[in-house]
Amino acid sequence: MNERIQEKLSILADAAKYDASCSSSGGKRKNDNGGLGNAEGMGICHSYTEDGRCVSLLKILLTNHCIFDCAYCVSRKSNDVKRAAFTVQEVVDLTMNFYRRNYIEGLFLSSGIFSSADYTMERLVRIAKKLRLEEKFNGYIHLKTIPGASEELIQEAGLYADRLSVNIELPSDDSLQKLAPEKNYAEILTPMSQIQLKVAENREERELFRKVPQFAPAGQTTQLVVGATPESDHQIIKLADGLYKGYGLKRVYYSGYVPVSGDQRLPQVVQPPLMREHRLYQSDWLMRFYGFDADEILDPAHPHLDLEIDPKLAWALRHREIFPVDVNTADYELILRIPGIGMKSAKRIVAARRFAPLTLDHLHKFGVVLRRARYFITCRGMALEKREYDEQTVRRKILYGDGQTRSALVKRQLDLFAPEPTIITAPDLVSPQLDLFRQAS
C-alpha cells in the first residue's frame, strides 16, 4: 500500500468511527458463483473498539468532505480537519486486498456529501456494483443511503448491498433544525419508506419467482445520537418504537454523543454518556424481543431511564402488584417480564414444567439469575423470600446484596484502557473480616 492510500485510509477510517450502526447480522448471501467471500450464517468477524462499540468489516468513509455543517459531526464543513477522498477503484482495491489477507469479512461504507446527494450516492453504488459484478465479491456490504438521493439510486443500491441504512441522527425534527439546519426529517424518512416498500415488494416477488435478485436482504437500520440534545429517554424509545413499527427497521443504534467541537449549541460534556447508551440498548431489546411497549418502559411520570438498574428491573419494581409470579403456572409472556429470566430460560421453564413442578434447583440449572428473580417469583406456591420488602429494599438488596450499605459509593462505568484506579473504601463498608485482617497484620 503506497503512502498516499495509507494516509487516506488513516483519515477516513478515523472519521467513520463515530457511526455505530455497523452490525452485519442478518446477511445470508451465499458464495455460489466461484467468487470471494461469504456472508452466509455468521459470515462476518466482529471486533470491538476500546469504548465497547461493535466494529465489523472495513469501516471507512468514501470522503470526509461535506457540504453540510451539522454541529455534532466531526466532518462538518466548518471543522478544521484534514480532508481526503477515495476514488471508486481505490475502495474496491482496498476491500479485495484486505479480504484476501483475511483482515476483513466485508465492507461498511459511508460518506460525507460531495456536491449533492445523488453525486455521492452514485459513487457508493458504483463501488458495490464493481465489487459484486467485476470482482465477484460475495462478502457482506453495508451502504449508507444519502438522504435526498433519487429512488432509482436507492433501488440499485439495494440490489448490491446486504444492508442499507439512513441515519436519522437526532431524536426530533426541532433538534435537527437547530444543529443541522440543512437537513430535515422528511428527507430522512422518505428513503426509509422507499427501502421498506422495496423490501416488501422483493419478498412478495421471491415467493413467486425464485430467481428474483434480493433487495437489501439484511434490511435497513438507523442511528440516533444520544446526549447532544435535551430529549428524554422516553422520547427516544418512543421514536425507536415508531421506526420499528412504521418502517420495519432491523435495528436502531444509539450512539452516545462524543464532543467534537466547542459549538455553543452543544452540551459541554466530559465523556460520552455510555451508561445511558447501554440502558437504551436494553430498552430496545425489551421492545424487540420481550413484548414491552415503549410506554410501559417509560412514561411522562418516569421520562428517564434509571442508570443504576436495568429497565426490566425498574419496570418490575414499579409494578409490585403483579408479583410474585408462580413459574409453574404463569404464561410465557409474563415469565419473560420477571427480572433475572431471559428468553432461553423462559422457554426452558415453559417446556420443563409440563413434566414436573419446578424447584429452585431447576431454575438455577435453567440459567435463571436467582439473585434478581427471587424477589418476584414463587415455586410450588412458596415464595423464595419470606419477608415482604418494599421497593427500595429490594432495589438495594439486588444492587448490593444483604447487610451492606453502599450509599457512599459513586458508581461509574470503568474504562478498560485507563490506568489502574485508586480504590477508596467508604468507612461504613469495612467488614469485620477486614478489620481482623488489618489487626493481624
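Computed from a predicted model, the values in this text were never measured in an experiment. (Residues numbered from 1 in each chain as written. Predicted model: local features only at pLDDT ≥ 70, side-chain atom pairs only at ≥ 80, totals over all residues. Heavy atoms only, no water.)

Q: What is the right way to read the side chain of Thr-145 from this model?
A: Here Thr-145 lies in the loop between strand 5 (140-144) and helix 4 (151-160). Taking relative accessible area as the criterion, Thr-145 reaches 3% and is therefore assigned buried. (Helix = DSSP H or I, 4+ residues; strand = E, 2+ residues; numbered from the N terminus. Buried < 20%, exposed > 50% of the residue type's maximum accessible area, 1.4 Å probe, protein only.)

Q: What am I meant to see in the sheet that holds strand 3 (residues 58-61) here?
A: Sheet strands pair by backbone hydrogen bonding; their relative direction is either parallel or antiparallel. With parallel pairing, six strands are arranged side by side in an open sheet as 3-4-5-6-7-8. Each of the sheet's edge strands pairs with one partner strand only, and the pair in question is strand 3 and strand 8 (251-256). Within this sheet the neighbouring strands show an average axis-to-axis angle of 20 degrees, counted without direction. The strands that helix 7 (residues 233-247) touches are strand 7 (220-226) and strand 8; relative to strand 8, the one it contacts most, it runs at about 155 degrees. (Pairing = 2+ DSSP bridges. Axes fitted to C-alpha atoms, helices over the stretch in contact; angles between N-to-C directions. Contact = heavy atoms within 4.5 Å.)

Q: Quick question: what am I supposed to make of the packing of aromatic side chains here?
A: Here a ring pair, both rings aromatic, is described through the centre-centre distance and the interplanar angle of the planes. Tallying each qualifying case throughout the model produces nine aromatic pairs. For the ring pair Tyr-99 and Phe-137, a centre distance of 5.6 Å and an interplane angle of 80 degrees mean the geometry is edge-to-face. Linking Tyr-99 in helix 2 (residues 88-100) with Phe-137 in the loop between helix 3 (117-134) and strand 5, this pair joins segments that are 38 residues apart in sequence. A relative accessible area of 0% means that Phe-137 is categorised as buried. Taking the centre distance of 6.1 Å and the plane angle of 65 degrees together, the rings of Tyr-375 and Tyr-389 count as edge-to-face. Residue Tyr-375 is located in the loop between helix 14 (370-373) and strand 10 (377-379), and its partner Tyr-389 is located in the loop between strand 11 (382-383) and helix 15 (391-400); the two are separated by 14 residues in the primary sequence. As far as the burial class goes, Tyr-375 and Tyr-389 line up, both buried. Taking NZ or CZ as reference, Arg-123 lies 3.6 Å from the ring centre of Tyr-119, over its face. (Phe/Tyr/Trp six-rings, centres within 6.5 Å; stacked < 30°, edge-to-face > 60°. Lys NZ or Arg CZ within 6 Å of the ring centre and 35° of its normal.)

Q: Would you take a moment to explain the pattern of salt bridges for this structure?
A: When the charged atoms of two side chains with opposite charge come close together, those side chains can pair. This model, assessed by the stated rule, comprises 19 salt bridges. Of the charged contacts in the structure, one is a salt bridge between Asp-241 and Lys-245, with a shortest N-O distance of 3.1 Å. One end of the pair, Asp-241, and the other, Lys-245, are both in helix 7, four residues apart, so they sit about a helical turn from each other. Looking at Asp-241, the relative accessible area reads 13%, which means it is buried. Overall, Lys-245 belongs to the exposed group, its relative accessible area being 58%. A salt bridge links Arg-372 to Asp-310, with the shortest nitrogen-to-oxygen separation between them at 2.6 Å. (Salt bridge = Lys/Arg side-chain N within 4 Å of Asp/Glu carboxyl O.)

Q: It is not clear to me how the pairing of strand 4 (residues 106-110) should be interpreted in this structure. Could you clarify?
A: Moving residue by residue along a regular strand, the side chains alternate between the two faces of the sheet. The buried fraction of strand 4 amounts to five of the five residues, a majority that puts the element mostly inside the structure. Of the strand pairs in this sheet, strand 3 and strand 4 are connected by four bridges, and their pairing is parallel. From the neighbouring strand, Leu-58 faces strand 4, where its bridge partner is Leu-107. As paired strands, strand 4 and strand 5 are joined by four bridges and run parallel to one another. From the neighbouring strand, Leu-109 faces strand 5, where its bridge partner is Leu-143. Each parallel crossover has a hand, and the one from strand 4 via helix 3 to strand 5 is right-handed. (Right-handed = clockwise from strand over helix to strand, strands pointing away.)

Q: Sorry, what's going on with the packing of helix 6 (residues 185-208) against helix 7 here?
A: Here helix 6 crosses helix 7 at 40 degrees, and the two axes come no closer than 10 Å. For the element pair helix 6 / helix 7, the angle class is oblique. Residues Tyr-185, Leu-189, Met-192, Ser-193 and Gln-196 of helix 6 form the contact with helix 7, whose participating residues are Leu-239, Leu-243, Gly-246 and Tyr-247. (Parallel < 35°, antiparallel > 145°, perpendicular 65-115°, else oblique.)

Q: Sorry, what's going on with helix 4 here?
A: For helix 4, the complete set of buried residues consists of Leu-153, Ile-154, Ala-157, Gly-158 and Tyr-160. Viewed end-on, helix 4 has its buried residues packed into an arc of 165 degrees, placing them on one side of the element. (Arc of directions from axis to C-beta.)

Q: For this particular structure, what's the right way to read the environment of Ile-168?
A: Summarising the element assignment, Ile-168 is placed in the loop between strand 6 (163-165) and helix 5 (173-179). Ile-168 sits in the buried class, given a relative accessible area of 0%. Between the C-alpha atoms of Ile-168 and Glu-187, which are 19 residues apart in sequence, the distance is 9.7 Å. In this structure Ile-168 touches Leu-176, Tyr-185, Ile-188, Leu-189, Met-192, Thr-222, Gln-223, Leu-224, Leu-239 and Leu-243, once residues within four positions along its chain are discounted.

Q: I'm lost on the environment of Asn-167 in this one. Help?
A: As for its placement among the helices and strands, Asn-167 is situated in the loop between strand 6 and helix 5. Of the residues examined, Asn-167 reaches a relative accessible area of 10% and is grouped as buried. Among the polar contacts listed, one links the side chain of Asn-167 to the side chain of Lys-144, at a separation of 2.6 Å. (Polar contact = N/O pair within 3.5 Å; in protein donor to acceptor, adjacent residues only side chain to side chain.)

Q: It is not clear to me how a negative patch on the surface should be interpreted in this structure. Could you clarify?
A: Side chains of Glu-201, Glu-204, Glu-205 and Glu-207 sit close together on the surface and give a patch of like negative charge. Looking at the element boundaries, Glu-207 is found in helix 6. On the basis of relative accessible area, Glu-207 is assigned to the exposed category, the value being 65%. (Patch = residues over 30% accessible without salt bridge, like charges linked within 9 Å, V, L, I, M, F, W, Y side chains within 5 Å. Areas by Shrake-Rupley, 256 points an atom, 1.4 Å probe, with all protein chains shown as cover. Lys, Arg positive; Asp, Glu negative; His and termini not counted. Charge placed at Lys NZ, Arg CZ, Asp CG, Glu CD.)

Q: Got a minute to help me understand the sheet that holds strand 11 in this structure?
A: One open sheet accounts for three strands, arranged 9-10-11; its pairing is mixed. In the strand order of this sheet, the two ends are held by strand 9 (325-326) and strand 11, each with one partner. As paired strands, strand 10 and strand 11 are joined by two bridges and run antiparallel to one another. By the bridge assignment, Thr-378 is partnered in strand 11 with Ala-383.

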